[in-house]
Amino acid sequence: MYLEHVARKFERLQQHRGINSSLGKPASENLISQVENNLGVSFPAKVAAFYKRFNGLLVEDPHMEILPIEQLSFVSPNRLHFATFDHSNRVFFDTSQINDAEQWNIVAEDGFHITLTMSSLWSAHIWGWVERKRVVWKENPEWKAQWEREAERERLEELQQAT
């Protein structure tokens, strides 16, 4: 999912399905640098790109929130809380390493591996939750094969864009 399409898609969801959402105003380079310094991390390019475009997201129903960058926090070593689904299901960046897609893995509270990339989080998971209430924070065998295909497609697209 390209970030320039996100706002338009939420506008259509509001018009056609009554799904209310709000996208945060862009985070400044200074704010991003300050948060990186405070947390002791360097955000992968795709994470920084999201926050440069939208400093957070809130969907009312079904509830989903991507925290504004200044609210990101480590809840344990290498687990940077950045999103919450359905009011209580927290999602984290696993900051222990950069993966093959040059990003942090995205994981659930119990360690369940959700996806490798921010793009896949949008295309296969966020829209699945917002549009169909498809659970993203734990394994769902019905959707696992589809997620894997979508994640691989997104990973390949990102690698092509990088070259």
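A. The overall build of the chain, seen in detail. Of regular secondary structure, the chain possesses five helices and eight strands. Listing the helices and strands of the chain from first to last along the sequence gives α-β-α-α-β-β-β-β-β-β-β-α-α. The globule rule puts the C-alpha radius of gyration for 163 residues at 15 Å, and the 15 Å found for the chain is close to it. Here the C-alpha coordinates of the chain stretch approximately 40 × 35 × 30 Å along the principal axes. By the burial criterion, 47% of the 163 residues in the chain qualify as buried.

B. Region of interest: the confidence of the model for the chain. In this model, the chain carries a mean pLDDT of 90, and residues with pLDDT of at least 70 account for 94%. When pLDDT is averaged over each helix and strand of the chain, the minimum, 72, is found for helix α5 (residues 141–162) and the maximum, 98, for helix α2 (residues 29–39).

C. Representation of the pattern of salt bridges within the structure. On inspection of all chains with the given rule, the structure shows six salt bridges. In this structure, E29 engages K52 in a salt bridge whose closest nitrogen and oxygen atoms are separated by 3.0 Å. Taken as a pair, E29 in helix α2 and K52 in helix α3 (residues 45–53) lie far apart in primary sequence, 23 residues in all. Taking the shortest distance from any N to any O, the salt bridge between K133 and D61 comes out at 4.0 Å. One end of the pair, K133, is in the loop between α4 (118–132) and α5; the other, D61, is in the loop between β2 (57–59) and β3 (64–66), with 72 residues separating them in the sequence. Of the two residues examined, K133 and D61, each falls in the exposed class. Through salt bridges with shared partners, a single ionic network connects K9, E131 and R132.

Conventions and cut-offs
Residues numbered from 1 in each chain as written. Predicted model: local features only at pLDDT ≥ 70, side-chain atom pairs only at ≥ 80, totals over all residues. Heavy atoms only, no water. Helix = DSSP H or I, 4+ residues; strand = E, 2+ residues; numbered from the N terminus. Rg over C-alpha atoms; globule rule 2.2 N^0.38 Å. Buried < 20%, exposed > 50% of the residue type's maximum accessible area, 1.4 Å probe, protein only. pLDDT = per-residue confidence, 0-100. Salt bridge = Lys/Arg side-chain N within 4 Å of Asp/Glu carboxyl O.

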